[in-house]
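Here are the chains, one letter per residue:
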Amino acid sequence: MTPAPAPFTQIVLKVHSRCDLACDHCYVYEHADTGWRSRPRVIGDAVLARAAERIGEHAAAHGLTAMRVVLHGGEPLLAGPAVLRRAAEALRGALPEVCELDLRVHTNGVRLTPEYCELFDELGIRVGLSLDGDRAANDRHRRFADGRSSHPLVLRAAGLLREPRFRHLYAGLLCTVDVANDPGAVHRALAALEPPAVDFLLPHATWERPPGRPAGAGPTPYADWLLAVHARWEADGRPFAVRTFDSVHRTLSGLPGLTEALGLEPVDLVVLETDGAYEQADSLRTAYDGAPATGMDVFRHRLDDVLRHPGTAARQSGLAGLNATCRACPVVRSCGGGLYAHRYRDGSFDHPSVYCADLRAMVDGLAARAGTGSARPAPAPADLAGPGLTEPQLGELALGLGGPETVRALARSQLALTRTMLAAVHGSSGLARSAAWELLAELDATAPAAVDAVVAHPYVRAWAARRLTGDPGAGLGPLAELAAAAAVRAGRGDTVAVPVRDGVLHLPTLGRLVLGRGVREARVTGGRTGWTARTDDGTLAGPGDPRWQPVRRIGPAAGRVLALEDVDPQRAVHRWPVADRLGDAECAGWARDLRSAADLLDRDLPDHAAGLWAGLTTVTPLRPGPDGRDLSSAARQAFGAVGIARPRTAPALALLLVHEFQHVKLGAVLDRAELYDRTDTRLFEAFGLSPRPIGSLFQAVYAHLAVTAFWSARAERGTRAARTRFAHWRGLTDEAVDLLAGSGALTPLGRRFAAGARESVDAWLRGAAVCG
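None of the values given here were measured: they were computed from a predicted structure. (Residues numbered from 1 in each chain as written. Predicted model: local features only at pLDDT ≥ 70, side-chain atom pairs only at ≥ 80, totals over all residues. Heavy atoms only, no water.)

**Comments concerning the nonpolar core**
Thought 1: In terms of nonpolar packing, the biggest core is built from 92 residues, with Leu13, Leu71, Leu112, Phe120 and Phe200 touching the most fellow members.
Thought 2: Looking at this core, the element that brings in the most residues is helix H7 (residues 221-235), giving 7 residues.
Thought 3: Look past the residues within four positions of Phe200 in its chain and what remains in contact with it is Cys175, Val177, Val186, Leu190, Trp225, Leu226, Val229, Val242 and Thr244.
Thought 4: Val407, Leu582, Val664 and Leu697 belong to the second-largest nonpolar core, a separate cluster that totals 73 residues. (Core = buried A, V, L, I, M, F, W, Y, C linked by side-chain atoms within 4.5 Å. Buried < 20%, exposed > 50% of the residue type's maximum accessible area, 1.4 Å probe, protein only. Helix = DSSP H or I, 4+ residues; strand = E, 2+ residues; numbered from the N terminus. Contact = heavy atoms within 4.5 Å.)

**Quick look at helix H8 (residues 243-252)**
Thought 1: With respect to burial, H8 is a largely interior element, 8 of its 10 residues being buried.
Thought 2: Among all positions of H8, only Thr244, Phe245, Ser247, Val248, His249, Arg250, Thr251 and Leu252 are buried.

**Regarding the side chain of Glu75**
Thought 1: Among the structural elements, Glu75 can be located in the loop between strand S2 (66-72) and helix H2 (81-94).
Thought 2: Buried charge Glu75 goes without a salt bridge, the closest partner of opposite sign being Arg111 at 6.4 Å.
Thought 3: A distance of 2.8 Å separates a polar atom in the side chain of Glu75 from the backbone nitrogen of Asn108.
Thought 4: When residues no more than four places from it in sequence are discounted, the contact partners of Glu75 are His16, Arg18, Cys19, Asp20, Thr107, Asn108 and Gly109. (Lys, Arg positive; Asp, Glu negative; His and termini not counted. Salt bridge = Lys/Arg side-chain N within 4 Å of Asp/Glu carboxyl O. Polar contact = N/O pair within 3.5 Å; in protein donor to acceptor, adjacent residues only side chain to side chain.)

**Looking at the packing of H7 against H8**
Thought 1: For the pair H7 and H8, the least separation of the axes is 11 Å and the interaxial angle reads 90°. Looking at the two axes, H7 sits roughly perpendicular to H8. Residues Leu226, Val229, His230, Trp233 and Glu234 of H7 form the contact with H8, whose own contacting residues are Phe245, Asp246 and His249.
Thought 2: Considering only residue class, the contact of H7 with H8 consists of 4 nonpolar, 2 polar and 2 charged. (Axes fitted to C-alpha atoms, helices over the stretch in contact; angles between N-to-C directions. Parallel < 35°, antiparallel > 145°, perpendicular 65-115°, else oblique. Nonpolar A, V, L, I, M, F, W, Y, C, P; charged D, E, K, R; others polar.)

**A few points about the pairing of strand S4 (residues 125-130)**
Thought 1: Of all 6 residues that make up S4, 6 are buried, and the element is covered over most of its length.
Thought 2: Along S4, one buried face is formed by Ile125, Val127 and Leu129 and the opposite face, lined by Arg126, Gly128 and Ser130, is buried too.
Thought 3: With 5 bridges connecting them, strand S3 (residues 100-107) and S4 associate as parallel partners. Paired with His106 across the two strands is Gly128, which belongs to S4.
Thought 4: In this view, the connection linking S3 to its parallel neighbour S4 by way of helix H3 (residues 114-123) has right-handed handedness.
Thought 5: Bridge count for S4 against strand S5 (residues 170-176) is 4 bridges, and the pairing is parallel. Paired with Val127 across the strands is Tyr170, a residue of S5. (Pairing = 2+ DSSP bridges. Right-handed = clockwise from strand over helix to strand, strands pointing away.)

**Quick look at the environment of Cys175**
Thought 1: Note that Cys175 resides in strand S5.
Thought 2: Exposure remark for Cys175: the relative accessible area of 0% places this residue in the buried category.
Thought 3: Along the chain, Cys175 and Arg302 lie 127 residues apart, while their C-alpha atoms are 33 Å from each other.
Thought 4: Apart from the residues lying within four places of it in its own chain, the contact partners of Cys175 are Leu131, Asp132, Val186, Leu190, Asp199, Phe200 and Leu201.

**Concerning the confidence of the model for the protein**
Thought 1: For the protein, per-residue confidence averages 88 on the pLDDT scale, and residues scoring 70 or more make up 93% of the total.
Thought 2: Long-range and interchain partners of residues 372-387, a stretch whose pLDDT sits below 50, account for 41 contacts in this model, where long-range means more than four residues apart.
Thought 3: Confidence drops under a pLDDT of 50 for residues 768-772, and excluding neighbours within four residues, the segment shows 20 contacts in the predicted structure. (pLDDT = per-residue confidence, 0-100.)

**Looking at the packing of helix H6 (residues 183-191) against H7**
Thought 1: Closest axis-to-axis distance for the H6/H7 pair is 9 Å, and the angle between their directions is 50°. If you check the angle between H6 and H7, you find them oblique. H7 is crossed by H6, and the crossing has right-handed handedness. Residue-level contacts link Pro183, Gly184, Val186 and His187 of H6 to Trp225, Ala228, Val229, Arg232 and Trp233 of H7.
Thought 2: Grouping the constituent residues of the contact of H6 with H7 by class yields 6 nonpolar, 2 polar and 1 charged. (Left-handed = near helix turned anticlockwise from the far one by under 90°.)

**Section: the environment of Thr107**
Thought 1: Structurally, Thr107 is set in strand S3.
Thought 2: Using a relative accessible area of 2% as the deciding quantity, one classes Thr107 as buried.
Thought 3: The contact partners of Thr107, leaving out residues within four places of it in the chain, are Glu75, Pro76, Leu77, Val127, Gly128, Leu129 and Ser130.
Thought 4: A polar atom in the side chain of Thr107 sits 2.8 Å from the side chain of Glu75.
Thought 5: In this structure the side chain of Thr107 is engaged in a polar contact, spanning 2.9 Å, whose partner is the backbone nitrogen of Gly109.

**Looking at the packing of aromatic side chains**
Thought 1: Using the criterion set out here, one finds 13 aromatic pairs in the structure.
Thought 2: Centroid distance Tyr288 to Tyr344: 5.3 Å. Interplanar angle 40°. Geometry classified as tilted. One end of the pair, Tyr288, is in the loop between strand S9 (277-279) and strand S10 (293-297); the other, Tyr344, is in the loop between helix H12 (332-335) and helix H13 (356-370), with 56 residues separating them in the sequence.
Thought 3: By relative accessible area, Tyr288 is classed as partly exposed at 34%.
Thought 4: Taken together, Phe200, Trp225, Trp233 and Phe245 form an aromatic cluster joined through their ring pairs. (Phe/Tyr/Trp six-rings, centres within 6.5 Å; stacked < 30°, edge-to-face > 60°.)

**So, the sheet that holds S5**
Thought 1: The 10 strands are arranged S7-S6-S5-S4-S3-S2-S1-S8-S9-S10 in an open sheet whose pairing can be described as mixed. Among the strands making up the open sheet, the edge pair consists of strand S7 (241-242) and S10.

**Points about the pairing of strand S22 (residues 641-644)**
Thought 1: Residue alternation in S22 divides its side chains into two sets, Ala641 and Gly643 and Val642 and Ile644, and both sets are buried.
Thought 2: Where strand S21 (residues 632-633) lies against S22, 2 bridges are found, and the strand directions are antiparallel. Residue Ser633 lies in a different strand from S22, and its bridge partner there is Gly643.

And the structure:
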């Protein structure tokens, strides 16, 4: 079976077609294509509305659960705040409820102001900046038309994004490589701005317009430059993610790359111009005039029509679409033949990249440093090692905080651990062959986002842990359920045989289909326009069937979506009993309360809230307690989920969310490192609770840093009850931190966390700014 084209999951939406800088290396205005000259400067309302409709239509047709849209240009901020607001609102209104919008804006930064940042905060838009390094490097190309430097204004923009109130908006930096610049100076300049990520972009070039190579440089100056940056990046402890290096490291292990420029994964990006025209990647503008054109637009064509365009097919053809020289190259699975545009020569893209020698040298150099040799065959989807935490990230966590990038690093580590556990489950299953496992491995190579979305579900690891500890109730059926859910998300047309347990077909992250106890198996097919399940009694069902109970997703705040998980059978790992399927009225109540709680946390505890929204994916309703107490629970084997019995008020819900997420973060840290002596059998009394072992004391201290911060913020608003509770929890936390620090059971890292807790408590005792 020929796989269906991979749906578009990344849209570059041009909201303005002109720019306020005159960068001489710009592929839009300075290279072969001149299409920008005839386009409207600003996207019109009709184009915007129709574009949003087409994107929503595509997401629904392919069952997508996430869509990234980058507002672009030209310079997108020239469009003005009203246009950007309409774009965000139109996109959010058009996407299906189950599809999360990852909305970003990429800007040169010269017009970024606090007012824009406040708008982006409201609308859930993350911000990427273009910057080529220090002033000397940046001014080499990125200047105004009159020759003025843009560097001070970009530094001002980066400074805004580093402010605590806007830090969660900071998506990263894009740096175009110029080998005339000092790689060490460029690295230092970028690192000083504390970006969460940096992309290094090779300057767009072709065989007919080759890249500059300084006189006297060796045969691979771009590889040499990038390897010099890599050495400094490694020496500094990888202070930010670098997609180029991370992609090579992944592909050397047989995993999918992270960028169109590296690896063999099908391209899933399309460009929408200000006049509504669909175009291929902007990089093609460097090849010839009209190269990115498709002849299609949002008024007459669907995105599925663009999928069938020959240019899209060529960029999705992987190894088969490369020339013979590339196919025979030992590093082809890492370099992927390079960016499609860079292969252009004599009217054809059927050539190696103009950067071929540099790509080979870079991949070989990174492989040698990693000790991996050359690329290996694609492994089962469980061999990814967890990333490390930087010193600043450890410092955040020690204080009881943890910003978005810190929490995302924990999430990546947890995903890697879950993958490893799944591999162990399969390895210990005794099965000589597993069709479900083989499909997961195949999808991990062709549709990795679909696999990650399922494997990252909190209760997948909970099941794997039960299975590995010999729990007789943890059968192998969930492995087929995972493969089916990934197949549905991938939409390639794969079919998976899935056991039906107790009359119910479960698709993790998606929902459940109640079929009746006479049904034993269903064959689930995930296609481009949805999915179907054919049971062993011949019944055909799908998402429109009244027996289908989807996982409901709630957007408590702009850009944030939580799953209200009341159908997954693996969710019963919390301390308290989980609730059954919620009625519509109760679900609406949860949505209302979560929105109110989110508003409160964003207002009163922004530093805690920023990390929480980066890592909390799932709220599992618990049954109410018999005495009306507020019940909540985090499960060590379910990162990203909290269980809560819906409390009577939104502030109570906000407190339970931030309290339990402290346990979620600390559990992830404990999976990486030892904080205390696990053989210590002494019991400790704190917080008025019964005597607990050292691990429980550590958890209690960490959780109550957030509890105290919550009441500190409430106390600042002046209510006597809040001031009383703040004083109460501050005193108890103060005593418990002393008990923890003096226990004699902490490792060096544990002592660092205790010192961070003491720093937070001392700030409250001094009456200083509240932690959070």
